Amino acid sequence: DTEVTQTPKHLVMGMTNKKSLKCEQHMGHRAMYWYKQKAKKPPELMFVYSYEKLSINESVPSRFSPECPNSSLLNLHLHALQPEDSALYLCASSQESLNTEAFFGQGTRLTVV
Amino acid sequence: EDQVTQSPEALRLQEGESSSLNCSYTVSGLRGLFWYRQDPGKGPEFLFTLYSAGEEKEKERLKATLTKKESFLHITAPKPEDSATYLCAVPENRDDKIIFGKGTRLHILP
């Protein structure tokens, strides 16, 4: 099973809302990632968790707050977003680190109004 | 600076017309090269990992090859369902991150 599950699939939120994106994998992977992808662009790395600890934060604004409750779960908490934050948010996991292939979820299509 | 460049940006082929997509990289000490397929609005789907020059991997109509400076994704007798964006990615040398190319948008006409 190479499945990474993301919920919700679609999300529309106002600029004053607080929402969370969720990601789950049961492959025993120890590295998990959040990416942001705009239309016709490659995925951009936001955060990396390695063994449940945040190892990379790509200078992401504080209105995005990641959380890794355990080795199978990854959350992205959203607060006071801007319309330009509208994008496809992708979760991925890999066995150890980025030297091994990462498996992506189907993404959450986020629209900020 | 580590870089990954994919060409062409877009490619339109007739069904059955074979071709190749290119991914060139400047990362020294390559620690792997990954190919993904992405359909619109979906997450990238893992296709292949290549680790050393001369290595080849195949899956259905796709074959990936690797040299010291580039990788090719060969598509043989493509079908309309092969239409997608194909992404190439390599681990960066300095940090534990992946560099993605900008992708090749492939469109197979029936």
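Below or above, wherever it landed, is the structure these notes cover. From a predicted model like this one, the values you see are computed outputs, not experimental measurements. (Residues numbered from 1 in each chain as written. Chains lettered and ligands numbered in written order. Predicted model: local features only at pLDDT ≥ 70, side-chain atom pairs only at ≥ 80, totals over all residues. Heavy atoms only, no water.)

Considerations on the layout of surface pockets
The line we're drawing: Note on definitions: the grid is 1 Å and covers protein atoms alone; a cavity is a set of points where a 1.4 Å probe fits but cannot get out; a pocket is an open set with protein on both sides within 12 Å along at least five of seven lines; lining residues have an atom within 4 Å of a point. Grid points are joined across faces, edges and corners, and a volume is the space filled by probe spheres set on the points. The secondary structure listing takes helices from DSSP runs of H or I that are at least 4 residues long and strands from runs of E that are at least 2 residues long, numbered from the N terminus. Only Asp, Glu, Lys and Arg are considered charged in this grouping, and only Ala, Val, Leu, Ile, Met, Phe, Trp, Tyr, Cys and Pro are considered nonpolar; every other residue, Gly among them, is considered polar.
Reported here for the largest pocket is a volume of approximately 1200 Å³. Together, 44 residues line the largest pocket, and Lys41(A), Pro42(A), Pro43(A), Gly101(B) and Lys102(B) are the ones closest to its centre. Of all elements in the fold, only strand E4 (31-37) and strand E5 (44-50) of chain A together with strand E1 (4-7), strand E9 (84-91) and strand E10 (98-100) of chain B reach the threshold of two or more residues within the lining of the largest pocket. Considered class by class, the residues forming the lining of the largest pocket number 16 nonpolar, nine polar and 19 charged. Each pocket or cavity is described by its volume, and for the second largest pocket that value is around 220 Å³. Lining the second largest pocket are 14 residues; nearest its centre among them are Glu3(A), Val4(A), Phe104(A), Gly105(A) and Gln106(A). Of all elements in the fold, only strand E1 (4-7) and strand E10 (102-104) of chain A together with strand E5 (45-50) of chain B reach the threshold of two or more residues within the lining of the second largest pocket. Counting residues per element, the lining of the second largest pocket draws most heavily on E1(A), at three residues. Of the residues contributing to the lining of the second largest pocket, the split by class is five nonpolar, six polar and three charged.

Examining the sheet that holds strand E7 (residues 64-70) of chain A
Residues and elements named next belong to chain A. Selection criterion: Criterion used throughout: strands pair if DSSP finds at least two bridges between them. Orientation is described by axes fitted as lines to C-alpha atoms, over the contacting stretch for helices, and by angles from 0 to 180 degrees between their N-to-C directions.
Pairing is antiparallel across the open sheet formed by four strands, whose spatial order is E1-E3-E8-E7. Of all strands in the sheet, those bounded by a partner on one side alone are E1 and E7. Sheet twist, expressed as the mean angle between neighbouring strand axes with direction ignored, is 20 degrees. The pairing of E1 with strand E3 (residues 18-25) spans four bridges and is antiparallel. If you follow Thr7 over to E3, its bridge partner there is Lys22.

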